[in-house]
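Spelled out from the first residue to the last, the chains are:
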Amino acid sequence: MIPSEDHSMLHTIRTAGTLLGLVALVGLVLVTTGCSDSTSSSGGGSTANLSVKELIAKGDMTTIGARGVGAKDELIACLDDPDVNIRLNAAAALGRLKGDGVSAIPAMLSSMKGMSETDRRTLVYAITDMGKDAVKYLVIAVASSDPDQIRYGTQILGTGGYGKEAKDAVDPLTAILKSDADDEVKTHAVMALASIGTPATPAIPAIQAVAATATGTLKRQADGAIRRINDAHKPGQFTEKR
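Everything numeric in this text was worked out from a predicted model, so none of it was measured.

Student: How should I be thinking about the packing of helix α9 (residues 147–159) against helix α11 (residues 183–196) in this particular structure?
Tutor: Helix-helix packing: each pair is described by the crossing angle between the helix axes and the interaxial distance. As a packed pair, α9 and α11 sit with axes 7 Å apart at the nearest point and diverge in direction by 35°. The two elements α9 and α11 meet at a crossing, and its hand is left-handed. Residues Ile-150, Arg-151, Thr-154, Gln-155, Leu-157, Gly-158 and Thr-159 of α9 form the contact with α11, whose own contacting residues are Glu-184, Val-185, His-188, Ala-189, Met-191 and Ala-192. Here the residues of the contact of α9 with α11 sort into 6 nonpolar, 5 polar and 2 charged.

Now the structure itself:
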């Protein structure tokens, strides 16, 4: 039989051994976890497993660009992010996808709501960077019943210089001129029609009606649009896109 004092010592040794084992185990877990975190979050670690949002936050647009169209779905999801800088950088990256990014245009237009004019301009540039492939989605936008899609789609058609490429937008743009849209939207509509040129001839009566009552910028743009569309019929006046 082991004396009682030996039992007490044995218990103490076992307890100490258990505690040391636990400390060693916890230490191992901490070391392992620390390596994982440093790999994914430190500046020198691999970016292969980072999400697009994490890459944007790190300012690593190069890696996003290298992922190409494979990053599109995540970029579109970022357009709903509460951080405006995440939205702007996602939009810029989508713009660099050119034709492969055009399906994101409805989401890009929606994300413009509530932005400052400066921030909206970034979205406008991103969409115009996509080239003529964007026109199809912009026509859908201005023909929709969504006020935001109409407002921002018209702005991009009015400033994008698409010319005859946007001829399918003549009817919805004409409808905008006949609606109760505000002067800013109508100004961009007449700018778009002026850019379209000869195919926008059926819109002239609607533009004239706007010009008859408009003032300021809208009046000047409407009068200019009428002249430009009419002059487009004259040989040598304008070289239009075919």
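Student: I would appreciate a short explanation of the environment of Ile-226 in the present structure.
Tutor: Mapped onto the fold, Ile-226 is located in helix α13 (residues 216–231). Accessibility expressed as a relative area gives 13% for Ile-226, which makes it buried. Residues Ile-226 and Pro-205, spaced 21 residues apart in sequence, show a C-alpha to C-alpha distance of 9.2 Å.

Student: What am I meant to see in the nonpolar core here?
Tutor: A general feature of soluble globular proteins is that nonpolar side chains tend to end up buried together. Counting 66 residues, the largest nonpolar core has Met-108, Leu-193 and Ile-207 as its most contacted members. Top contributing element to this core by residue count: α11, with 7 residues. Ignoring anything within four residues of it in the chain, the contact list for Leu-193 reads Val-170, Leu-173, Leu-177, Ala-200, Ala-203, Ile-207 and Ile-229.

Student: Please clarify how the side chain of Ser-111 should be interpreted in this entry.
Tutor: In this structure, Ser-111 sits in helix α6 (residues 105–111). At 2.7 Å, the side chain of Ser-111 forms a polar contact with the backbone oxygen of Met-108. Leaving out residues up to four positions away in the same chain, Ser-111 has contacts with Leu-79, Arg-87 and Leu-123.

Student: Hey, could you run me through the pattern of salt bridges in this one?
Tutor: With the rule as written, the count across this model stands at 7 salt bridges. With its nearest N and O atoms 3.2 Å apart, the salt bridge here joins Arg-151 to Glu-184. Note that Arg-151 is positioned in helix α9 and Glu-184 in helix α11, a separation of 33 residues in sequence. Through salt bridges that share partners, Glu-117, Arg-120 and Arg-121 make up one connected network.

Student: Just to check I follow, could you spell out the packing of α11 against α13 for this structure?
Tutor: Running from amino to carboxyl end, α11 crosses α13 at an angle of 15°, the nearest separation of the two axes being 9 Å. In this view, α11 runs roughly parallel relative to α13, as classed from their interaxial angle. For the element pair α11 and α13, the recorded crossing hand is left-handed. Along its contact with α11, which presents Asp-183, Lys-186, Thr-187, Val-190, Met-191, Leu-193, Ala-194 and Ser-195, the element α13 presents Thr-217, Leu-218, Gln-221, Ala-222, Ala-225, Arg-228 and Ile-229. Looking at the contact of α11 with α13 residue by residue, the classes come out as 8 nonpolar, 4 polar and 3 charged.

Student: Can you help me understand helix α8 (residues 135–142) in this one?
Tutor: Listed in full, the buried residues belonging to α8 are Val-135, Leu-138, Val-139, Ala-141 and Val-142. Buried residues of α8, viewed axially, fall in a sector of 160°; they line one side. For α8, the exposed residues set more than 90 degrees away from the buried face come down to Lys-136 and Ile-140. On its buried face, α8 sits against α6, α7 (117–128), α9 and α10 (170–178).

Parameters and conventions
- Residues numbered from 1 in each chain as written.
- Predicted model: local features only at pLDDT ≥ 70, side-chain atom pairs only at ≥ 80, totals over all residues.
- Heavy atoms only, no water.
- Axes fitted to C-alpha atoms, helices over the stretch in contact; angles between N-to-C directions.
- Helix = DSSP H or I, 4+ residues; strand = E, 2+ residues; numbered from the N terminus.
- Left-handed = near helix turned anticlockwise from the far one by under 90°.
- Contact = heavy atoms within 4.5 Å.
- Nonpolar A, V, L, I, M, F, W, Y, C, P; charged D, E, K, R; others polar.
- Buried < 20%, exposed > 50% of the residue type's maximum accessible area, 1.4 Å probe, protein only.
- Core = buried A, V, L, I, M, F, W, Y, C linked by side-chain atoms within 4.5 Å.
- Polar contact = N/O pair within 3.5 Å; in protein donor to acceptor, adjacent residues only side chain to side chain.
- Salt bridge = Lys/Arg side-chain N within 4 Å of Asp/Glu carboxyl O.
- Parallel < 35°, antiparallel > 145°, perpendicular 65-115°, else oblique.
- Arc of directions from axis to C-beta.

Any link to function would need more than the numbers given here.
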